[in-house]
Amino acid sequence: MSYAAFKMMHYPTGIETCAAGFITSAGAAGGAVPNLVVTAANVLEVYAVRAQEERTEEQGGGGGDRGLMDGVSSARLDLICHYRLHGNVESIAVLSGSENRNSNKRDSIVLTFRDAKITVLEFDDSLHSLRTTSMHCFEGPDWQYLKRGRESFSVGPTVKADPQGRVAGVLIYNLQMLILKSAQASLVGEEEMKSTAGKSSVRVESSYIINLHELEINHVKDFIFVHGYIEPVLVILHEKEPTWAGRLAWKNNTCMVSALSINSTLKQHPLIWSTSNLPHDAYKLLAVPPPLGGVLVISANAIYYHSQSGSCSLALNSFSSQPDGSLEMPKSNFPIELDAANATWVSSDVALIISKTGELLLLTVVNDGRAVQRLDLAKSKASVLTSCMATLGNSFFFLGSRLGDSLLVQYSSNSTQITDEGGDMEMDNNNPFAKRLKRMPSDPLLDVTSGEELSLFTTAQNSSDSSQKSFSFVVRDSLLNIGPIKDFAYGLRINADPNATGLAKQSNYELVCCSGHGKNGALTVLQQSIRPELITEVELAGCKGIWTVYHKNSRDASKSIPDDEEYHSYLIISLENRTMVLETADDLGEVTETVDYYVHGSTIAAGNLFGRRRVVQIYGRGARVLDGSYMTQELIFSQHISEPPAGVNSEPPAVAFVSIADPYVLLRMTDGSIHLLIGDSATCTISLSTPQIFSTSNSSEKVTACTLYSDAGPHTWLKSTSSDAWLTNPTDSSDASPTASAADVYCLVCYETGRMEIYEIPGFKPVFTVNNFISGNTLLTDGLNSQNDESVKKEEDGLNLRVVEIVMHKWPGRHSKPYLFGVLNDGTLLSYRAYFYEKAADVSGDITTDVTDDVSRLRNLRFVRIQTDTNTREDEETSGNINKGRNRISVFNNVGGYQGLFVSGSRPVWMMVCRNRIRPHPQFCDGPVVAFTVLHNVNCNHGLIYVTSQGFLKICQLPAGLNYDNYWPARKIPLHGTPHQVTYHTEKNLYPVIVSVPVIRPLNQVLQSMSDQESAQQIEINPDDMQKTYSIEEFEIRVLELEKSSSRWETKATIPMQNFEHALTVRIVTLHNTSTKENETLMAVGTAFVQGEDVPSRGRILLFSFSNNNESSQNLVTEVFSKELKGAVSALAPLQGHLLLASGPKITLNKWTGSDLIGVAFYDAPLHVVSLNIVKNFVLLGDIHKSVFFLNWKEQGAQLSMLAKDFSPLDCFATEFLIDGSTLSLVVADAQKNLQIMYYAPKQMESWKGQKLLPRTEFHTGSHITKFLRLQTLSADKSGKFALLFSTLDGSLGCVAPVEETAFKRLQQVQKKLVEAVPHVCGLNPRAFRQFRSEGRPHKPGPDNMLDFELINYYEMLSLEEQKEIAEQIKSTRSQILTNFSELIVGTSFL
């Protein structure tokens, strides 16, 4: 029996829905920018917009009177929280609490899931995360009657909210309107309201269902709540009787709008007005903001405005039709189609519409203050192809996209009289943007600067009409999207290491994906692991540590170089028994003999003090302070530390660990004692002091880890969390006074019991206590009074768990918050982010039990644990000698424009901090890393140095051009067309790609070429239609190569297709030439002629050879064979030197003679073949509707015979073989987002004598899988196990990997426990999400032999006690479970 695990490796990035609302703070403050909530498949993220205002001396920080746009120099999206849900979000709405003038409430998020689940979420300050406030489910036998006999529905539940937040409406099962009534402040939780003013969110009190069928409302297309009524008014767009294109001459204007007044108390909903005779293709409603009110109805060819008091319309092209007897419709100045458009409001009378081609349009509702007179449409510029839009406050809007990068755009409106100011403002806005591009070469916007995306920069100059406004736009930020991935290829990187083995060999490869659509189409290069670009390397054995230090002499001090740009002066390398010092000028030269550094033993640490004017070097027995190369002070510790009592070993303790935070140095000795070096900035000297708290009574508790934390910057963050701080919220406060830039320094200490203390320096006054830090609880709060729970066993498998390293750091940036990292001795990494929470004064008076006299404690400080998705656990055999007593965490502020930390060890990992979120990127290429530091000098700009365990010191830079603010480092190469398929030529490192580009052609030319090819009938052309144009897709094959010298992607050759010919598949195949008896590597292309349903289907098979000399790109690719076939050539595969091709429903096996393909065998498939896979002489065939077929090729009788097939209907998306040693399984992904594994077992009775494929497991993935790729796993036993890497249409990547039976049974038990042990976001059930979806078809449930790694991942986020409890319940151990985790993660680290 074979078992498998399903694991996501790159989460979805294609944004499908978005909404704006005041989620984290109440919107009472004028001018505040609301939060942005986005969803991509099952990922939910909440962002804050951080606008950077340009402050000049004259303004004195005022800048408010000129409006936000003029003063804002840049803006970005910062992540507040993100979740991966056990279900795909169908729609989203924000229930507004801030619109209601009386209540100062926050907004809530309403999410809907299939088939009829609704969850309401609010932001909880105390947990710093979203909390579910209510769940509404209308599924199961009790609610079966709501479906009215139907089983499958094309769309899931849709939610819309009333603008004032009184109710929300959810359309479920296409016919039932669910009304959610929000609770009034006067009714629910009055006490809570008083105590947490402005902190509570709007909640849902009750719900009821309106059956629309009874109101004779069928076929609902859209609905919305409108502004300006005392009660909520719901406007529904619906079709009385459906029609279709063939019946438009008889029945066309079939849609109507009905407005219902919702009285949620009496549950009544009278019809107050309605309008009929709207076109059949009307599909969207837009509520016009006050004071006008009413709705806009958008159809493909016209826009209509309707309200209770009046109506008007605007025809968009010549296809718009008005009902008989009505007035002539006004026409827009230019023809356009608006099907599949998205819209949002940028002012009370101007809507921004983005068409399906990405054109940006401004629709003005022209009015006289009371009544609407007409609609005006004006063209602006091109933008990204959007799937959703949201306006954020008065000056930003967000364009969410499934097909390209999502953009945050700032806009400013100015009436036409003052357009020059708009022009000036554009210049202002362009400059900082260019600066940011210069600073971050890997910015996702850099690749598209030449394209149309950034043409949002220009102002939209409209007609000279005074009623028109003009708008200027500037792109402020973008969220990278790599979806939809239609296909991908697995190829070598240009800096691959041919000698690498094992895990290091995996980082030789990269994925090249076809992503995006139309003008947003691109090739995306993805690399799971970072391979730094080598500048130079030196062999260096026995290295213990490396440090780079600055030196500011008095001459440099006058020059104001930003700290970030200052060059390093010295590199200090600590070896076993000596120290080397190198000068980091133009080249690295050793100056060990000429400097006053301590060089006769190893160095423990080195760093800068006194604002980089001095260097401090700590060695085992003392410390030296140096000004450049001259020593100004030496301190021998044994002279200052009181001698140990007689009889004890008189060897004085040496320094074991050092932490430096200007002007303090913390020392931990080998005997566990703690000392502090205090610097005097006036004299630039240091003195040693032993804190009282560690010298006497408390010394019984052993310290296992300690560090210093400098709360530097204009905002002293920690200070404001003490209970006597007058600041209410440090992150939102205005800039603190400049004197606050002096850093507050704190000391963090971890004890053997697992307790962590934070002390104020230099007095060592305890200000924060966590009694059980080692447990890894989700939340850390100041636990001064709670009893220390000593009973918890920290032992595990003989390993005494303790914290061996702790780091707290706050990266520069106005809104950044401190992070806290702890490393346990088994390699577990605990990651926390600090936040601020002020408890409301308790009414019951519990506060008196606190230590009220100690007001300086950081009572409002809290830490929330964050999931980092990284495997930092060490290999048992290597961890002992690599990191013995060494720091694993190195913090960096600027490496290649990024900030974060580097975790060294046997599996090093980079953790970049981008937008307040941690992005982990492993580094496999050099094996274990023992030391790391940053280097910034002339030849190595913001680079790094690391030492490998093999004894090589490498000076490197991060690869430029990659964007690290993504799940995997990514680089996009714009194609300005849609990529369809890509393949890889191994010997020549070439990537042939099928690209289609939309081309506008005159209609008569298009019809003419169609009649040329089908000469039997001439097409009649109406003279009026001669002027019209038609968009057709033109296909070509581009052969791309990554140049080693310039690392740019060059097009080496382009092969155009014929008119109306679509290239469907391209593959590199190795065929056996029967004439020369040699193997030839050729590029095979399968095409189809797409000419409409009345022309018989045809296709071509093309074979191309590659020339041997790479110099001449003229004839790199030569056509060697071409043949026209009946039916589309949809799939190709090489089979034992033959070419297997699917043309229409027939599969033929052909041999290659050098000039011709000759058929040797065939097989008739049912309908249309979508995929072919080969293993040895077995063939797996996927059909578009009839599931999979398992074939066998026998060379003796030259026949393709069917072994077995799946008898149930299935719409195949992708197929592949899964190999687990000697077991062969068949994997298929279908249109319902399911994944099935089948097997061939002719001896089993259920298989109908071997005709039927039997199910091994079935699983719902939640995404459309487009391609599987079989790759060998990295297992220790070298057994032939292959995992399947897959790509999806929502921009995610994952793998299906075979698992050993013992590991499977153990992890399956863990999975069952976690369903109930973990509180799931939105109350979703992970088991229900993973059940096979048959969409109404009869289906017999299959066996459950698949692990859901998305659920098992939560095990690592549980506290230590909960992990042990689950392990005991399943008769296993925590370390055994985590070892199984590591094996699977390492085994599937493919890139």
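On a predicted model such as this, the values are computed, not experimentally measured, just so you know.

Draft legend 1. Quick peek at the overall build of the protein chain. For the protein chain, the count of helices and strands is 14 helices and 88 strands. For the protein chain, with 1391 residues in total, the buried portion stands at 57%. Taking the intrachain contacts of the protein chain between residues at least 6 apart in sequence as the baseline, contacts between residues at least 24 apart amount to 60%. Here the protein chain has roughly 57,400 Å² of accessible surface; of this, 49% comes from carbon and sulfur atoms.

Draft legend 2. Broad picture of helix α14 (residues 1374-1387). The first and last C-alpha atoms of α14 sit 20 Å apart over 14 residues, in line with the 20 Å expected at 1.5 Å per residue. Most of α14 sits out of view: 10 of its 14 residues are buried. Inspection of α14 places Arg-1374, Ser-1375, Ile-1377, Leu-1378, Asn-1380, Phe-1381, Ser-1382, Leu-1384, Val-1386 and Gly-1387 among the buried residues, and these make up the whole buried set.

Draft legend 3. View of the sheet that holds strand β55 (residues 829-836). The antiparallel open sheet is built from five strands, whose spatial order is β50-β56-β55-β54-β53. With partners counted over all chains shown, the strands left at the sheet margins are β50 (779-780) and β53 (803-809), one partner each. Judged from the two bridges that link them, β50 and strand β56 (residues 861-865) form a sheet pairing that is antiparallel. Residue pairing in the sheet places Leu-779 in a bridge with Val-864 of β56.

Draft legend 4. The arrangement of helix α10 (residues 1301-1317) in detail. Over its 17 residues, α10 extends 24 Å from the first C-alpha to the last, a length consistent with the 24 Å expected when each residue adds 1.5 Å. Of the positions making up α10, those classed as buried are Ala-1303, Phe-1304, Leu-1307, Gln-1308, Val-1310, Gln-1311, Leu-1314 and Val-1315. The buried residues of α10 occupy an angular sector of 165 degrees when projected down its axis, which confines them to one face. What points out from α10, more than 90 degrees from its buried face, is the exposed set Thr-1302 and Glu-1316.

Draft legend 5. Quick peek at the state of the cysteines. Tallied over the entire structure, the rule returns zero disulfides. A disulfide-free cysteine, Cys-747 has its sulfur positioned 6.0 Å from the sulfur of Cys-706, the nearest such atom. For Cys-747, a relative accessible area of 0% translates into the label buried.

Draft legend 6. Molecular detail of the sheet that holds strand β11 (residues 167-172). Spatially, four strands are ordered β10-β11-β12-β13 in an open sheet, and the strand pairing comes out antiparallel. The open sheet is flanked by β10 (158-161) and β13 (204-211), the only strands paired with a single partner. Sheet twist, expressed as the mean angle between neighbouring strand axes with direction ignored, is 20 degrees. Across seven bridges, strand β12 (residues 176-182) lies against β13 in antiparallel orientation. Opposite Leu-178, over in β13, you have Ile-209 as the bridge partner.

Draft legend 7. Seen up close, the pattern of salt bridges. Under the counting rule described, the total for this entry stands at 48 salt bridges. A salt bridge links Lys-160 to Asp-222; its shortest N-O distance comes to 2.7 Å. One end of the pair, Lys-160, is in strand β10; the other, Asp-222, is in strand β14 (residues 220-226), and 62 residues separate them in sequence. A salt bridge links Asp-965 to Arg-915, with the nearest nitrogen and oxygen atoms 2.8 Å apart. Placement of the pair is Asp-965 in the loop between β63 (952-957) and β64 (970-974) and Arg-915 in the loop between β59 (909-914) and β60 (917-922), with a sequence separation of 50 residues.

Draft legend 8. Looking closely at the environment of Val-33. Relative to the assigned elements, Val-33 resides in the loop between β2 (17-21) and β3 (35-40). Judged by its relative accessible area of 25%, Val-33 is partly exposed. The sequence separation of Val-33 and Arg-50 amounts to 17 residues, and the corresponding C-alpha distance is 8.6 Å. Ignoring sequence-local partners within four residues, the contact set of Val-33 consists of Phe-22, Val-49, Leu-392 and Phe-396.

Draft legend 9. Region of interest: empty space enclosed by the protein. Across all of its chains, the model carries four cavities of 30 Å³ or more by this definition. When its volume is computed, the largest cavity comes out at roughly 220 Å³. Residue classes in the lining of the largest cavity are distributed as 10 nonpolar, five polar and five charged.

Draft legend 10. Local environment of the packing of aromatic side chains. One pass over the full model with this rule turns up 36 aromatic pairs. Between Tyr-3 and Phe-1304, the aromatic rings sit 4.3 Å apart at their centres with planes inclined by 20 degrees, giving stacked as the arrangement. Residue Tyr-3 is found in strand β1 (residues 3-10), and its partner Phe-1304 is found in helix α10; the two are separated by 1301 residues along the sequence. With a relative accessible area of 8%, Tyr-3 lands in the buried category.

Draft legend 11. A look at the pairing of strand β34 (residues 543-549). A large share of β34 lies buried, amounting to six of its seven residues. Note: β34 against strand β35 (residues 570-575), six bridges, orientation antiparallel. Bridge pairing in β35 links Trp-547 to Ile-572.

Draft legend 12. Quick look at the environment of Leu-407. Looking at where Leu-407 falls in the secondary structure, it is placed in strand β28 (residues 406-415). Taking the C-alpha atoms as reference points, Leu-407 and Val-384, separated by 23 residues in sequence, lie 7.9 Å from one another.

Criteria and thresholds
- In every chain, residue numbers begin from 1 and rise along the written sequence.
- Two thresholds apply to this predicted model, a pLDDT of at least 70 for residue-level local features and 80 or more for giving and counting side-chain atom pairs, whereas whole-chain, interface and lining totals are computed over all residues.
- Side-chain measures were taken over the full set of non-hydrogen atoms in the model, leaving aside hydrogen atoms and water.
- Strands here mean DSSP runs of E at least two residues long; helices mean DSSP runs of H or I at least four residues long; both are numbered from the N terminus.
- Burial status follows relative accessibility: with a 1.4 Å probe on protein chains alone, a residue under 20% of its type maximum counts as buried, one over 50% as exposed, and anything between as partly exposed.
- Here a residue-residue contact requires only that any non-hydrogen atoms of the pair lie within 4.5 Å.
- Using a 1.4 Å probe, accessible areas were evaluated by the Shrake-Rupley method; residue-level cover was limited to the displayed protein chains.
- An expected span of 1.5 Å times one less than the residue number is assigned to each helix.
- Two strands are said to pair when DSSP picks up at least two bridges between them.
- Arc definition: directions from the helix axis to the C-beta atoms.
- Cysteine sulfurs are considered disulfide-paired once they come within 2.5 Å of each other.
- Helix axes are fitted only over the stretch in contact, all axes being lines through C-alpha atoms; the angle between N-to-C directions runs from 0 to 180 degrees.
- Think of a salt bridge as a Lys or Arg side-chain nitrogen and an Asp or Glu carboxyl oxygen that are within 4 Å of each other.
- Method remark: on a 1 Å grid restricted to protein atoms, a set of points is classed as a cavity if a 1.4 Å probe fits but cannot get out and as a pocket if it is open with protein on both sides within 12 Å along at least five of seven lines; lining residues have an atom within 4 Å of a point.
- Grid points are joined across faces, edges and corners, and a volume is the space filled by probe spheres set on the points.
- Under the convention adopted here, Pro, Cys and the residues Ala, Val, Leu, Ile, Met, Phe, Trp and Tyr are nonpolar, Asp, Glu, Lys and Arg are charged, and Gly plus all remaining residues are polar.
- Stacked, tilted and edge-to-face are the three classes assigned to paired rings of Phe, Tyr and Trp, where Trp is represented by its six-membered ring and a pair needs centres within 6.5 Å; plane angles under 30 degrees give stacked, over 60 edge-to-face, the rest tilted.

Such coordinate-based values are descriptive only and should not be taken to indicate function.
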